[in-house]
Amino acid sequence: MTVYGNFPGSRPRRLRTTPTMRRMVAETRLDEANLILPAFVREGVDAPVAISAMPGVQQHTLDTLRKAAVDAASAGVSGIMLFGVPEDEKKDGRGTAGTDPDGILQVALRAVREEVGDDLVIMSDLCLDEYTDHGHCGVLTEDGRVDNDVTLERYAEMAQVQADAGAHVVGPSGMMDGQVGVIRDALDQTGHEDVSILAYTVKYSSAFYGPFREAVGSSLRGDRKTYQQDPANSRESMRELALDLEEGADMVMVKPAGPYLDVLAKVAESVDVPVAAYQISGEYSMIEAAAEKGWIDRDAAIMESLTGIRRAGAQMILTYWATEVAQRLARR
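Residues numbered from 1 in each chain as written. Predicted model: local features only at pLDDT ≥ 70, side-chain atom pairs only at ≥ 80, totals over all residues. Heavy atoms only, no water.

Student: How would you sum up the environment of Leu245? Please name residues and give values.
Tutor: Relative to the elements of secondary structure, Leu245 occurs in helix H7 (residues 235-247). What makes Leu245 partly exposed here is its relative accessible area of 32%. Separated by 50 residues in sequence, Leu245 and Trp295 have C-alpha atoms that sit 42 Å apart. Ignoring any residue separated from it by four or fewer positions in sequence, one finds Leu245 in contact with Val252, Val271 and Val273. (Helix = DSSP H or I, 4+ residues; strand = E, 2+ residues; numbered from the N terminus. Buried < 20%, exposed > 50% of the residue type's maximum accessible area, 1.4 Å probe, protein only. Contact = heavy atoms within 4.5 Å.)

Below, the structure written as structure tokens:
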């Protein structure tokens, strides 16, 4: 063997020699506190309903939702984001089940708050799409367009009933212009100044939402490209970010997470508020499907995907693996 002086003088591999060494010098750490569990609760069922496109995820009954919340809190998960799935006959053009104090999401919020109190940060999806018979995130005009300003009035009502039901945080996900400001005013004017807003600041019109449509029993006809962001755009995200912060967002989110790590990193570098990212249904289902085929190591792929999101700058990650991963992290 020919030796070239002290070449190579720099050997980065020295810091990769053992698992303990790699853990010691790791630049990014994933912790239970970083995790938020999205959960679906379905009206009118007496047993959980499996979601075929999301193996291992289900539409909960109120009882199984309570248990899922307790399990998440016990594992060290920080939050739970609730989505309501109403009975089909309760859907209408204005999504009135979404603002009914006795609607499924409000009932679920009260149940979870009663079960876990402040041990979990209880978050609620603030959007009309689960409750409209057309599946869009807002009220439609006569010619089928989503009416931004009329929809904002509905969001203000939703914010109030969700806060009344016990939400610590509301998550407006409809991507209406001005939604954060209207919701902040509605909360403040009804005595809910302490309820936070997690703004869906960057929400792309993504092909990866497919399995979620089954999860919420979506009635969508058409697409949401006129209000969700174009995947081709990045600068637009920064404009949305500036507007949400100006309107009073307490936290901001990028959705989806994995395909938009570049955008997530830009957002994280630009703000001094907490940043979240949503590892959405399609991201989840791809890993589960590939693992079921034996093509990838499931557990390693889960941890790698979450670490990548964390490395890009997310302090909070919404993931359907939240409780499982938190339990795994606690065993380290």
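Student: Outline the packing of aromatic side chains, listing residues and values.
Tutor: Counting across every chain of the model gives six aromatic pairs. Between Phe40 and Tyr320, the aromatic rings sit 6.0 Å apart at their centres with planes inclined by 20°, giving stacked as the arrangement. A residue pair is termed long-range when its members are at least 10 positions apart, and Phe40 in strand S1 (residues 35-42) and Tyr320 in the loop between strand S10 (316-318) and helix H11 (322-330) qualify at 280 residues. Assigned by exposure class, Phe40 and Tyr320 land together as buried. On the basis of an interplanar angle of 75° and a centroid distance of 5.8 Å, the ring pair of Tyr284 and Tyr320 is categorised as edge-to-face. Here Tyr320 lies in the loop between S10 and H11 and Tyr284 lies in helix H9 (residues 281-292), a separation of 36 residues in the sequence. Among the aromatic residues, ring-to-ring pairing joins Phe40, Phe83, Tyr278, Tyr284, Tyr320 and Trp321 into one connected group. Residue placement shows Lys203 over the ring face of Tyr209; its charged tip is 6.0 Å from the ring centre. (Phe/Tyr/Trp six-rings, centres within 6.5 Å; stacked < 30°, edge-to-face > 60°. Lys NZ or Arg CZ within 6 Å of the ring centre and 35° of its normal.)

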